[in-house]
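Understanding the architecture of this molecule
These are the residues of each chain, in order.
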Amino acid sequence: MLIFNMNYEMKKTSKYLVYLFACLVVYSSCDSYLDRAPELPLDDETVFTIFSNAERYHNDIYAHLTARFNAVGDYQPVPLSSASDESDSPLGSHGTYNFNIGNYDGVDANLSYYQGIRKANIFLKNAGVVPFPSEEKKKQMLGETCFLRAFYFNEIVKRFGGMPIMDESRIIMPGENKNYPRDSYKKCVDFILNDLEKAITNLPVTLPENEYGRATKGAAMALKARVLLFAASPQWQNEMGEDLWLKAAEAAKAVIDLTDKGEKVYQLYSTGNAADDYEQLFFKRREHGNREIIFYKHASPVGYNDNEIKVWSPKGGKFGGDGAVCPTQNFVDLFEMANGKLITENASSYNSQNPYANRDPRFYKIVLYNGSTWQGETLDLTYNPDQQKSGANRKNKTDYTRTGYYVRKYLPEGVKYQTTNTAYHNWIYFRLAEMYLNYAEAMNETFGPDNDNGFGLTARQAVNIVRSRSGVTSIIANNKEEMQKRIWNERAIELSFEEHRWWDARRWQKATNWFGGSMYEMEITKEGNNLTYNKKPFYTRVYESYMDLYPIPLDEMRKNPLYVQNLDW
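Note that the structure is predicted; figures quoted are calculated from it, not measured. (Residues numbered from 1 in each chain as written. Predicted model: local features only at pLDDT ≥ 70, side-chain atom pairs only at ≥ 80, totals over all residues. Heavy atoms only, no water.)

Take the overall build of the protein chain next. When you go through the protein chain residue by residue, the secondary structure sums to 20 helices and 14 strands. For 569 residues, the compact-globule formula gives about 25 Å, and the C-alpha radius of gyration of the protein chain, at 24 Å, lands near that figure. Judged by the C-alpha coordinates and their principal axes, the protein chain covers about 80 × 55 × 50 Å. Looking at the protein chain as a whole, 58% of its 569 residues qualify as buried. Contacts in the protein chain between residues at least 24 apart in sequence constitute 68% of all its contacts with a sequence separation of at least 6. Taking the 67 positively charged and 72 negatively charged side chains of the protein chain as two groups, their mean positions are separated by 1 Å. (Helix = DSSP H or I, 4+ residues; strand = E, 2+ residues; numbered from the N terminus. Rg over C-alpha atoms; globule rule 2.2 N^0.38 Å. Buried < 20%, exposed > 50% of the residue type's maximum accessible area, 1.4 Å probe, protein only. Contact = heavy atoms within 4.5 Å. Lys, Arg positive; Asp, Glu negative; His and termini not counted. Charge placed at Lys NZ, Arg CZ, Asp CG, Glu CD.)

Set out below in structure tokens:
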């Protein structure tokens, strides 16, 4: 639920408007303001010529923003990371299972974003009759609407490629039988960017605290930077017909440099505590001094029994969690050593029998591993076929972690099993670190690692700004090709479990290599006081290149004869 300081005074002119009001207060639990039943005689004049009604309608457009902690699947939903090489979810019918076997039909399709787009279109179509209290309020509300329409449509386009563009001239109401063909990816990108330019023009740079969670100019600029980065990438550069890397760099740099009253609006969250700051940024908000967050899901604090915590929390011992998000060894192997070298590089000092020593400082804030301490308890992830001899946190490989790891990132240490403690738990759509890494990637593709081309910031410098916040050594790369690979790796670590890896691999056309084939575990056996670490495959996943785009669900194909299915599905 969005938490805004909104004026809910409403004249009870009819029993229908009372019913309408009740629905809107609970946003996500009721969509009847738009999909109103025939017996509710609400018309556009009633809704939009009274500002308080129009404002409530407008607020409801935000209802389609969802936290993505456990976003995939209706039964045992888990994060999208468990479809990538970041993690595995051992629960039986978990949400990403179909992805892992190559069956995508309807999984994570999110075509319901069209409902949010339709609400935005209706508001924009009727904006001319809304008695806005001021020109400033009008600009803000129209800017938010254009931003949300662009956000929702981008979520659809990045899954399927070009899809029907729905604007004020194409509003399909419930029960109407109207079909439209798919528009090209380029046309969709142009439409999204056009919406974002309108949003950037109209939205305020900053908001009062009682409006945190709404879109700002920076949010629209950040989405623009991401859209351009995707469009510039190998997956789409041929269809776009132009080299967009420079535009992507310019857009990301604009977010980095955005100011208000002479001061930069966004800063990496840093209190001088290195990797501890990286860990804490996901629990702090702007009102708590976190100026890294650009746009996020504004929700109430959560407790242990909320699935955002319980599904991710380790299992066994005193933890009481489901342990359903387990980093793979594939992911763990991406963490550099403290000296900045990959574990496969010469002189890295990596020891396969002491694998967790001297790693990137963020490793200890992202992954729970054998011997790590969490909530006052040391995890024992050793394994023995005799369950009685296995570690408390890995009694078997069916109900406990399949990989030998649990996630630490996103878990507030003070929120424990059988307590009433709560914490803010922010699902972040955009943060400044991503903008630095977007800029670094686009600059490196255009000018290489060390040419700032007058921007005042090179690709290497941008990456190192992100790394230095967490106490990570400067990046090691001698040329454009090496820097490209290190940027890929840096994004995998810094942005882990934030739904970037899944899409990055696709736009880079690397998903067949990274997501297909063997997923690895770390099996740790114990004899006396001696531990033996054995990296071994535990599962073979299916991934082919055509899976870079989702298939349009079969139900949708049957409904709309004008749809053309994505290639090879």
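Locating Asp548 in the fold gives a position in the loop between strand E14 (530-541) and helix H20 (554-559). Residue Asp548 is classed as buried on the basis of its relative accessible area of 10%. Spatially, the C-alpha atoms of Asp548 and Gly161 are 9.7 Å apart, while their sequence positions differ by 387 residues. Not counting residues up to four positions away in its chain, the partners in contact with Asp548 are Gln235, Arg506, Gln509, Ala511 and Tyr543.

The next thing to look at is helix H7 (residues 185-202). For H7, spanning 18 residues, the distance from its first C-alpha to its last is 26 Å, which sits close to the expected 26 Å at 1.5 Å a residue. Those residues of H7 lying buried are Tyr185, Cys188, Val189, Phe191, Ile192, Leu193, Asp195, Leu196, Ala199 and Ile200. Buried residues along H7 sit against helix H6 (135-160), helix H8 (217-232) and helix H9 (237-240). (Expected span 1.5 Å × (residues − 1).)

Under the definition given, this model contains seven cavities of 30 Å³ or more. Considering only enclosed or pocket space, the largest cavity measures out at about 180 Å³ in volume. The wall of the largest cavity is formed by 17 residues, among which Glu155, Lys158, Arg226, Tyr429 and Glu499 lie closest to the centre. Tallying contributions element by element places H6 first for the lining of the largest cavity, with three residues. By residue class, the composition of the lining of the largest cavity is eight nonpolar, three polar and six charged. Of the volumes computed, that of the second largest cavity is approximately 50 Å³. Lining of the second largest cavity is provided by Ala67, Arg285, Lys297, Ala299, Ser300, Val302, Glu308, Tyr424, His425, Asn426 and Trp427. Of the residues that constitute the lining of the second largest cavity, the class distribution is five nonpolar, three polar and three charged. (1 Å grid on protein atoms, 1.4 Å probe; cavity = no way out; pocket = protein on both sides within 12 Å on 5 of 7 lines; lining within 4 Å. Points joined across faces, edges and corners; volume = space filled by probe spheres on them. Nonpolar A, V, L, I, M, F, W, Y, C, P; charged D, E, K, R; others polar.)

This brings us to H6. Over its 26 residues, H6 extends 38 Å from the first C-alpha to the last, a length consistent with the 38 Å expected when each residue adds 1.5 Å. Among the 26 residues that make up H6, 22 are buried, leaving the element largely enclosed by the rest of the structure. Once H6 ends, the next one or two residues include Gly161, with phi positive near 85°.

What follows covers the pattern of salt bridges. For the coordinates displayed, the defined rule picks out 50 salt bridges. Here Glu434 ties to Arg226 by a salt bridge, and the two come within 2.8 Å at their closest N and O atoms. With Glu434 in helix H15 (residues 432-447) and Arg226 in helix H8, this pair connects stretches of sequence that are 208 residues apart. A relative accessible area of 1% places Glu434 in the buried class. Its relative accessible area of 11% is what places Arg226 among the buried residues. (Salt bridge = Lys/Arg side-chain N within 4 Å of Asp/Glu carboxyl O.)

With that settled, consider the packing of helix H16 (residues 459-469) against helix H17 (residues 480-494). For the pair H16 and H17, the least separation of the axes is 11 Å and the interaxial angle reads 30°. By the angle class used here, H16 and H17 are roughly parallel. Considering only the axes of H16 and H17, their crossing is left-handed. For the pair H16 and H17, contact is made by Arg460, Val463, Val466, Arg467 and Arg469 and by Met483, Ile487, Glu490 and Glu494, respectively. Residue composition of the contact of H16 with H17, grouped by class: four nonpolar, no polar and five charged. (Axes fitted to C-alpha atoms, helices over the stretch in contact; angles between N-to-C directions. Parallel < 35°, antiparallel > 145°, perpendicular 65-115°, else oblique. Left-handed = near helix turned anticlockwise from the far one by under 90°.)

We now examine the nonpolar core. Within the largest apolar cluster, 163 residues are counted, with the highest numbers of intra-cluster contacts made by Phe147 and Phe153. Leave out the neighbours within four places in its chain, and Phe153 touches Tyr114, Ile117, Met163, Pro164, Ile165, Cys188, Phe191 and Ile192. (Core = buried A, V, L, I, M, F, W, Y, C linked by side-chain atoms within 4.5 Å.)

This part takes up the layout of surface pockets. Here the largest pocket defines a volume of roughly 650 Å³. Lining the largest pocket are 24 residues, and of these Tyr114, Ile172, Lys178, Glu556 and Tyr563 lie nearest its centre. When residues of the lining of the largest pocket are traced back to their parent elements, those giving at least two are helix H5 (113-126) and H20. Sorting elements by how many residues they give to the lining of the largest pocket places H5 first, with five residues. Broken down by class, the residue content of the lining of the largest pocket amounts to eleven nonpolar, seven polar and six charged. What the second largest pocket holds in volume is close to 490 Å³. Lining of the second largest pocket is provided by 18 residues; of these, Asn330, Leu334, Asn489, Arg501 and Trp514 occupy positions nearest its centre. When contributions to the lining of the second largest pocket are tallied by element, the ones reaching two or more residues are H17, helix H19 (511-515) and strand E13 (517-527). Here the lining of the second largest pocket gets four residues from one element, more than from any other, and that element is H17.

Here the structure, examined in full by the defined rule, presents 49 aromatic pairs. Between Tyr104 and Trp569 the ring centres are 5.1 Å apart and the planes differ by 50°, which places this aromatic pair in the tilted class. Of the two residues, Tyr104 is situated in the loop between helix H4 (97-100) and H5 and Trp569 in the segment after H20; the sequence distance between them amounts to 465 residues. Exposure remark for Tyr104: the relative accessible area of 1% places this residue in the buried category. Each ring, one from Tyr364 and one from Tyr369, has its centre 6.0 Å from the other, and the planes form 65°; the classification is edge-to-face. Lys397 extends its terminal NZ or CZ atom over the ring of Tyr383, reaching a point 4.3 Å from the ring centre. (Phe/Tyr/Trp six-rings, centres within 6.5 Å; stacked < 30°, edge-to-face > 60°. Lys NZ or Arg CZ within 6 Å of the ring centre and 35° of its normal.)

Assignment of secondary structure puts Ala477 in the loop between H16 and H17. Of the residues examined, Ala477 reaches a relative accessible area of 5% and is grouped as buried. A sequence separation of 201 residues divides Ala477 from Asp276, and the C-alpha atoms of the two residues are 26 Å apart. Every residue in contact with Ala477, bar those within four places of it in the chain, is listed here: Arg460, Glu482, Met483 and Arg486.

What follows covers the state of the cysteines. In a disulfide, the sulfur atoms of two cysteines are covalently bonded to one another. Scanning the model with the defined rule gives zero disulfides in all. The closest cysteine sulfur to the non-disulfide-bonded Cys188 is located on Cys146, 16 Å from its own sulfur. When its relative accessible area of 0% is taken as the criterion, Cys188 is described as buried. (Disulfide = S-S within 2.5 Å.)

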